[in-house]
Amino acid sequence: MTHRILVHGVPDTPFIWSALIEQLGAHALAPSLPGFCAPPPAGFGSTKDEYAKWLVDLLQDQYATYGPLDIFGHDWGALLTLRAASLRPDLINSWAISGAAIDPDYGGHFVAHIWNTPLLGEIAIAASPRKMIEIILRQSALPPDIARHEAAAWSANMRRSILALYRSANALRFEGDWVNRLEALPKRGLLIWGAKDPYVPVSVARRFATRHGANLLIERNAGHWAIVERAKEISGVLLAHWQK
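Residues numbered from 1 in each chain as written. Predicted model: local features only at pLDDT ≥ 70, side-chain atom pairs only at ≥ 80, totals over all residues. Heavy atoms only, no water.

(A) Representation of the packing of aromatic side chains within the structure. For the structure shown, the criterion picks out nine aromatic pairs. Arranged with centres 6.4 Å apart and planes meeting at 85°, the rings of Phe-36 and Tyr-51 form a pair that is edge-to-face. Highlighted residues: Phe-36 in the loop between helix H1 (18-24) and helix H2 (48-66) and Tyr-51 in helix H2, separated in sequence by 15 residues. Neither Phe-36 nor Tyr-51 differs from the other in exposure class; each is buried. Ring centres 6.5 Å apart and planes at 85° place the aromatic pair Tyr-199 and Trp-225 in the edge-to-face group. Taken as a pair, Tyr-199 in the loop between strand E4 (189-194) and helix H10 (202-212) and Trp-225 in the loop between strand E5 (215-219) and helix H11 (226-229) lie far apart in primary sequence, 26 residues in all. Judged by relative accessible area, which is 23%, Tyr-199 ranks as partly exposed. (Phe/Tyr/Trp six-rings, centres within 6.5 Å; stacked < 30°, edge-to-face > 60°. Helix = DSSP H or I, 4+ residues; strand = E, 2+ residues; numbered from the N terminus. Buried < 20%, exposed > 50% of the residue type's maximum accessible area, 1.4 Å probe, protein only.)

This is how it looks when you write it as structure tokens:
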């Protein structure tokens with residue numbers, strides 16, 4: 001059995017995986033992105049390349065103990081999963097992503113553009129108190145306990161990290177080496193998408209799966225957090241993917 005790594009996205013914490021981990025019935029490491037649950041390390045600027053290096057370093061440490069790894073990322077965790085797997089395919093047994101993909105033809109969603117804009121991003125994020133984040137997450141079909149937990153983590157450190165991260169990615173508009181290195185992705189790939197994702201449409205998932213020869217599972221009537229909404233169904237698909 002290979003070791004499993006679950007990488008969360010924005011504006012989440014590792015707790016977002018709790019429903020899926022319960023269904024999987026197996027141990028998985030779910031690390032916290034630096035700056036999301038605690039202050040970032042000294043000198044850490046929360047850019048996409050710094051987060052990618054953090055993940056590669058973590059994968060190297062895990063590989064040294066467990067050997068080739070299965071990695072699953074959601075949202076920004078998906079983008080970092082693809083980047084890390086393309087930089088170090090030798091560490092990866094299989095990869096899976098949900099809710100985001102590195103796609104040069106995708107221009108980024110509305111919120112990403114707001115956060116990417118100096119001053120406007122600061123105003124928007126300051127005008128989003130924890131209660132509003134909880135309401136948004138509950139409206140996105142997250143159970144009350146998960147929505148409440150994730151909203152409670154909406155700290156100044158997380159907000160600063162999010163702004164820096166999105167601005168380093170020009171509101172999710174990827175180009176250059178982040179795109180070109182995808183040719184090195186390991187072959188065992190899987191995309192899991194909510195058909196009603198309001199941030200990254202299914203068309204992006206279809207395009208990525210076709211380009212890179214990966215399997216695609218579309219969860220009907222699920223949104224951006226399909227990993228929570230369809231935890232039982234997705235756990236079965238993941239276990240089959242990992243056991244191939």
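Still to come is the rest of the account.
(B) Quick peek at the side chain of Arg-4. You can see Arg-4 is positioned in strand E1 (residues 3-7). We classify Arg-4 as buried; its relative accessible area is 5%. Beyond its immediate sequence surroundings of up to four residues, Arg-4 is in contact with Ala-26, His-27, Ala-28, Leu-29, Asp-70, Leu-239 and Trp-242. (Contact = heavy atoms within 4.5 Å.)

(C) Spatial organisation of the nonpolar core. Counting 84 residues, the largest nonpolar core has Leu-59, Trp-76, Trp-95 and Leu-238 as the members making the most contacts within it. Residues within four places of Leu-59 in sequence aside, it is in contact with Ile-5, Leu-69, Ile-71, Ala-84, Leu-91 and Ile-92. (Core = buried A, V, L, I, M, F, W, Y, C linked by side-chain atoms within 4.5 Å.)

(D) Molecular detail of the packing of helix H6 (residues 130-139) against helix H7 (residues 144-152). Two numbers describe how H6 lies on H7: the axes approach to 8 Å, and their chain directions differ by 145°. In the packing of H6 onto H7, the handedness of the crossing is right-handed. Judged by residue contacts, Arg-130, Ile-133, Glu-134, Leu-137 and Arg-138 of H6 engage Pro-144, Ala-147, Arg-148, Glu-150, Ala-151 and Ala-152 from H7. Partitioning the contact of H6 with H7 into residue classes produces six nonpolar, no polar and five charged. (Axes fitted to C-alpha atoms, helices over the stretch in contact; angles between N-to-C directions. Left-handed = near helix turned anticlockwise from the far one by under 90°. Nonpolar A, V, L, I, M, F, W, Y, C, P; charged D, E, K, R; others polar.)

(E) Up close: the packing of H2 against helix H3 (residues 76-87). For the pair H2 and H3, interaxial distance at closest approach is 9 Å and the crossing angle is 65°. Here H2 and H3 pass one another in a crossing that is right-handed. Along its contact with H2, which presents Lys-48, Asp-49, Tyr-51, Ala-52, Leu-55, Val-56 and Leu-59, the element H3 presents Trp-76, Leu-80, Thr-81, Arg-83, Ala-84 and Leu-87. Here the contact of H2 with H3 is built from residues that sort into nine nonpolar, one polar and three charged.

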